[in-house]
Amino acid sequence: MLQDKINALIEEVNHIEIRDAESLESFRLRFISRKGEMSSLFEEFKQVPSEAKRELGQLMNALKQAAEEKLKSSSKALDRERDALAASAIDVTLPSTSETLGSLHPISIVRNEIVRIFERIGFNLSEGPEIESDWYNFTALNFAENHPAREMQDTFFVARHPDTVLRTHTSPVQIRAMEKQSPPIRTLSVGRVYRNETISARSHCMFHQIEGLYVDKNVSFADLKQTLLHFAEAFFGKGTKIRLRPSYFPFTEPSAEMDVYLGTDTPSNYQLTKGTGWLEVLGCGMVHPNVLKNVNIDPEVYSGFAFGLGLERITMRRYGIKDIRNLTENDARFLRQFAGAI
Ligand code: PHE
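Cut-offs used in this document
- Residues numbered from 1 in each chain as written.
- Predicted model: local features only at pLDDT ≥ 70, side-chain atom pairs only at ≥ 80, totals over all residues.
- Heavy atoms only, no water.
- Buried < 20%, exposed > 50% of the residue type's maximum accessible area, 1.4 Å probe, protein only.
- Helix = DSSP H or I, 4+ residues; strand = E, 2+ residues; numbered from the N terminus.
- Contact = heavy atoms within 4.5 Å.
- Pairing = 2+ DSSP bridges.
- Axes fitted to C-alpha atoms, helices over the stretch in contact; angles between N-to-C directions.
- Parallel < 35°, antiparallel > 145°, perpendicular 65-115°, else oblique.
- Near = heavy atom within 4 Å.
- Polar contact = N/O pair within 3.5 Å; in protein donor to acceptor, adjacent residues only side chain to side chain.
- Areas by Shrake-Rupley, 256 points an atom, 1.4 Å probe, with all protein chains shown as cover.
- Nonpolar A, V, L, I, M, F, W, Y, C, P; charged D, E, K, R; others polar.

Help me understand helix H8 (residues 172–180) in this model?
One turn of an α-helix holds 3.6 residues; hence residues three or four places apart share an orientation. Most of H8 is tucked away: seven of the nine residues are buried. Regarding H8, the residues found buried are Pro172, Val173, Gln174, Ile175, Arg176, Ala177 and Met178. Buried positions along H8 lie against strand S2 (131–133), helix H6 (134–137), strand S5 (185–194), strand S6 (206–216), helix H11 (289–294) and strand S10 (303–310).

Honestly, the pairing of strand S9 (residues 278–287) in this entry has me stumped. Any pointers?
Along any regular strand, the residues point their side chains to alternate faces of the sheet. With nine of ten residues buried, S9 is to be regarded as a mostly interior element. When strand S8 (residues 252–261) meets S9, the two strands line up antiparallel, connected through eight bridges. Across the sheet, the residue bridging to Asp259 is Glu280, located in S9. Here five bridges tie S9 to S10, and the two strands are oriented antiparallel to one another. Across the sheet, Cys284 pairs through a bridge with Phe307, a residue of S10.

What should I look at first to understand the packing of helix H5 (residues 106–119) against helix H12 (residues 311–319) in this one?
Geometry of a packed helix pair, given as the angle between the helix axes and the separation of the axes. Running from amino to carboxyl end, H5 crosses H12 at an angle of 105°, the nearest separation of the two axes being 9 Å. In this view, H5 runs roughly perpendicular relative to H12, as classed from their interaxial angle. Every residue of H12 that contacts H5 at Pro106, Ile107, Ile109, Val110, Arg111, Glu113 and Ile114 is listed here: Leu311, Glu312, Ile314, Thr315, Arg318 and Tyr319.

Where do I start with the site of the ligand in this structure?
The environment of the ligand is made up of 14 residues, and the closest members are His169, Ser171, Arg195, Gln209 and Glu211. Separating a nitrogen atom of the ligand from a side-chain N or O atom of His169 is a distance of 3.0 Å. The separation between an oxygen atom of the ligand and a polar side-chain atom of Gln209 is 2.9 Å. Alone, the ligand offers 320 Å² of accessible surface; in the complex the protein occludes 92% of this. Every element with two or more residues in the shell around the ligand is listed here: S6, S9 and S10. A per-class count over the shell around the ligand returns five nonpolar, seven polar and two charged.

Right, dumping it as structure tokens:
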């Protein structure tokens, strides 16, 4: 009977679940469009005797309304679901939250700057190990056996007989460079050095040096002085004054220490230079003939100069760092201040 058919369809419409756009569309085709269930119902309706038409017509209307209700509510629900999904999805057009960038260590910043200054005047880079034999750290550098000069540097011994040490300076790299290359040699080496010193605000048992070496025919003390003046002006500023004071190192003769003039204008320059205005920056001298002989370079033909400077002191001066221990404690609050430098 038509009545049962319509009632069954109303029942179905009320219970049908519409979960996505696809089932919504097939629902629409089946119950709403004129080609669906409705058209065959109408065909049957035509056959119905006229006294029954009124009641069945109402039932057909009820089915039509139920279907339209269902379509409306389902399509609303699907819209809401889609909006919620869109809201929770990743918005690829949003600017990204920035990651904190790492920073170069202040020692690296100053090292890079000094290396660039010397690279521009033709120095290359050499490297050597931090654990050195006695030969490279002392003997080849003309430290005589039992010479008091060995006591100048409080050495950390790694092993005895044969002696192996944590290098006390970067000068052993001079020896390694001269073994590998033949003159002209213009080389720079940077690295950590170790001395058995009590750690305080001003000194540490591990620090950094930069070593320079130039060996060629006719290298003179004037060349050394000009090179150092060039460095001082490039690093400390144009017009910086330098002075060379006589000193002693077993591997250079004559030897000197270079001071730069900072003045006493600021309290920190006054303190740093102990009221003299002069800051001691490096040790230097003409490569001792015995050192050249130790690496089979003829001192009658060649001469050279060398210098060695500590990185910590000038780094601390540049950034106003008061305690050398800041440089090794890896406190992120300290290190972050150097972000952006190259
Ligand atoms: N190696 C010396 C030091 O550590 C510095 C130096 C290097 C002096 C080269 C002269 C020449 O004190």
